[in-house]
Amino acid sequence: MLRFVRKRLRPRLLVVYALAIAAVLLSRPTPASIAVGLVPIALGEALRLWATGHLHKNDALTVGGPYAYLRHPLYFGTLLIGAGFLIMAWSALAFGFAALFVLVYFGYYMPYKDRIESARLESIYGDSYRRYSAAVPRLVPRLHAYQPLPAERAPEKAWRATRFADNNETGTAVVVAVGVLCMVVRWWGIS
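Residues numbered from 1 in each chain as written. Predicted model: local features only at pLDDT ≥ 70, side-chain atom pairs only at ≥ 80, totals over all residues. Heavy atoms only, no water.

Draft legend 1. How the structure looks around the nonpolar core. Counting residues in hydrophobic clusters, the biggest one holds 12 residues: A51, L55, L61, V63, Y67, A68, L74, L121, Y129, Y132, V136 and Y146. When residues no more than four places from it in sequence are discounted, the contact partners of Y132 are T62, V63, Y67, L70, R71 and Y146. Counting residues in hydrophobic clusters, the runner-up holds 10 residues, among them I81, F85, A94 and V180. (Core = buried A, V, L, I, M, F, W, Y, C linked by side-chain atoms within 4.5 Å. Buried < 20%, exposed > 50% of the residue type's maximum accessible area, 1.4 Å probe, protein only. Contact = heavy atoms within 4.5 Å.)

Okay, here's the thing in structure tokens:
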């Protein structure tokens, strides 16, 4: 529980939470926008759940599950969730926040994070990571699963609840569920 609280209360996330609260308070959700927004939110959270159950953080190069189709399924899932909330909010302010987010995310955060993460993985896994990163796109899924060399496969390929828990995805799922509930309550309050 303490790990969940520490991870969710980092200073940079407090800014995100403040913006999220402002976006909810200024949103104009409708039953239709909530229903349509739930689709990408559910898809994004499902992708994140699938990815964290496969993620061998710092133990092995993860190339199975959704990682066989794109290098950053957690980021892609988060983008889907964000798009779903944008649809739910259905306000000019939400679209303004989204434009700002896209600029910061793709202009700074994603390139920075990808550079740091790629350098770290390349230093640990060398040619295995170079082959993987050359074959698997960052955010646009490939049609066929990446097939690593036999020696490059993680010892355990199947989805595991223990990895899901170790990667603390439960906290993200709770935050997403609370966000959806807030949008429903906001709609209820303005209707």
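Don't stop here, the text continues.
Draft legend 2. Just the pattern of salt bridges, in detail. Under the defined criterion, the tally for this structure stands at 5 salt bridges. We note a salt bridge from E169 to R48, for which the minimum N-O separation is 2.9 Å. Pair noted here: E169 is in helix α8 (residues 169-190) and R48 is in helix α3 (residues 31-54), with a separation of 121 residues, a long-range link. On the accessibility criterion, E169 (1% relative accessible area) is buried. (Salt bridge = Lys/Arg side-chain N within 4 Å of Asp/Glu carboxyl O. Helix = DSSP H or I, 4+ residues; strand = E, 2+ residues; numbered from the N terminus.)

Draft legend 3. Region of the structure containing a nonpolar patch on the surface. A contiguous nonpolar patch, built from L100, L103, V104, Y108, Y112 and I116 and spanning about 620 Å² of accessible area, is present on the exposed surface. Structurally, I116 can be placed in helix α5 (residues 92-125). (Patch = residues over 30% accessible without salt bridge, like charges linked within 9 Å, V, L, I, M, F, W, Y side chains within 5 Å. Areas by Shrake-Rupley, 256 points an atom, 1.4 Å probe, with all protein chains shown as cover.)

Draft legend 4. Geometry of unusual backbone geometry. Positive phi outside glycine occurs at W90, with the angle close to 45 degrees. Although it is not a glycine, N168 adopts a positive phi angle of roughly 55 degrees. For N168, the location among the structural elements is in the loop between α7 (161-166) and α8.

Draft legend 5. Main features of the environment of I21. Inspection of the secondary structure puts I21 in helix α2 (residues 11-25). Under the relative-accessibility criterion, I21 is labelled exposed at 52%.

Draft legend 6. The side chain of S128, seen in detail. Position of S128 relative to the elements: it lies in helix α6 (residues 127-135). Given a relative accessible area of 17%, S128 falls into the buried group. In contact with S128, not counting residues within four places along its chain, are L61, Y146 and E152.

Draft legend 7. Region of interest: the packing of α5 against α6. Contact geometry of α5 with α6 gives a least axis separation of 6 Å together with a crossing angle of 135 degrees. As far as their axial angle goes, α6 and α5 are oblique. Residues S118, L121, E122 and Y125 of α5 form the contact with α6, whose participating residues are D127, S128, Y129 and R130. Taken together, the residues that form the contact of α5 with α6 break down as 3 nonpolar, 2 polar and 3 charged. (Axes fitted to C-alpha atoms, helices over the stretch in contact; angles between N-to-C directions. Parallel < 35°, antiparallel > 145°, perpendicular 65-115°, else oblique. Nonpolar A, V, L, I, M, F, W, Y, C, P; charged D, E, K, R; others polar.)

Draft legend 8. Structural context of the packing of helix α4 (residues 73-89) against α8. Where α4 meets α8, the closest approach of the two axes is 10 Å, and the angle between their N-to-C directions is 10 degrees. Taken as axis vectors, α4 and α8 run roughly parallel relative to one another. Between α4, through I81, F85, M88 and A89, and α8, the contact on the second element is made entirely by V176, G179, V180 and M183. When its residues are assigned to classes, the contact of α4 with α8 shows 7 nonpolar, 1 polar and no charged.

Draft legend 9. Local environment of α3. With 24 residues, α3 should cover 34 Å at 1.5 Å per step; its first-to-last C-alpha distance of 35 Å lies within 8% of that length. The sharpest bend along α3 reaches about 25 degrees and sits at L38, with the proline P40 one to four residues further on. (Expected span 1.5 Å × (residues − 1). Bend = angle between axes of the 7 residues up to and from the residue.)

Draft legend 10. Representation of the side chain of R48 in the model. We classify R48 as buried; its relative accessible area is 11%. Looking at R48, its side chain comes within polar contact range of the side chain of T78, at 2.8 Å. Aside from chain neighbours lying at most four places away, what touches R48 is L74, G77, T78, I81, E169 and T172. (Polar contact = N/O pair within 3.5 Å; in protein donor to acceptor, adjacent residues only side chain to side chain.)

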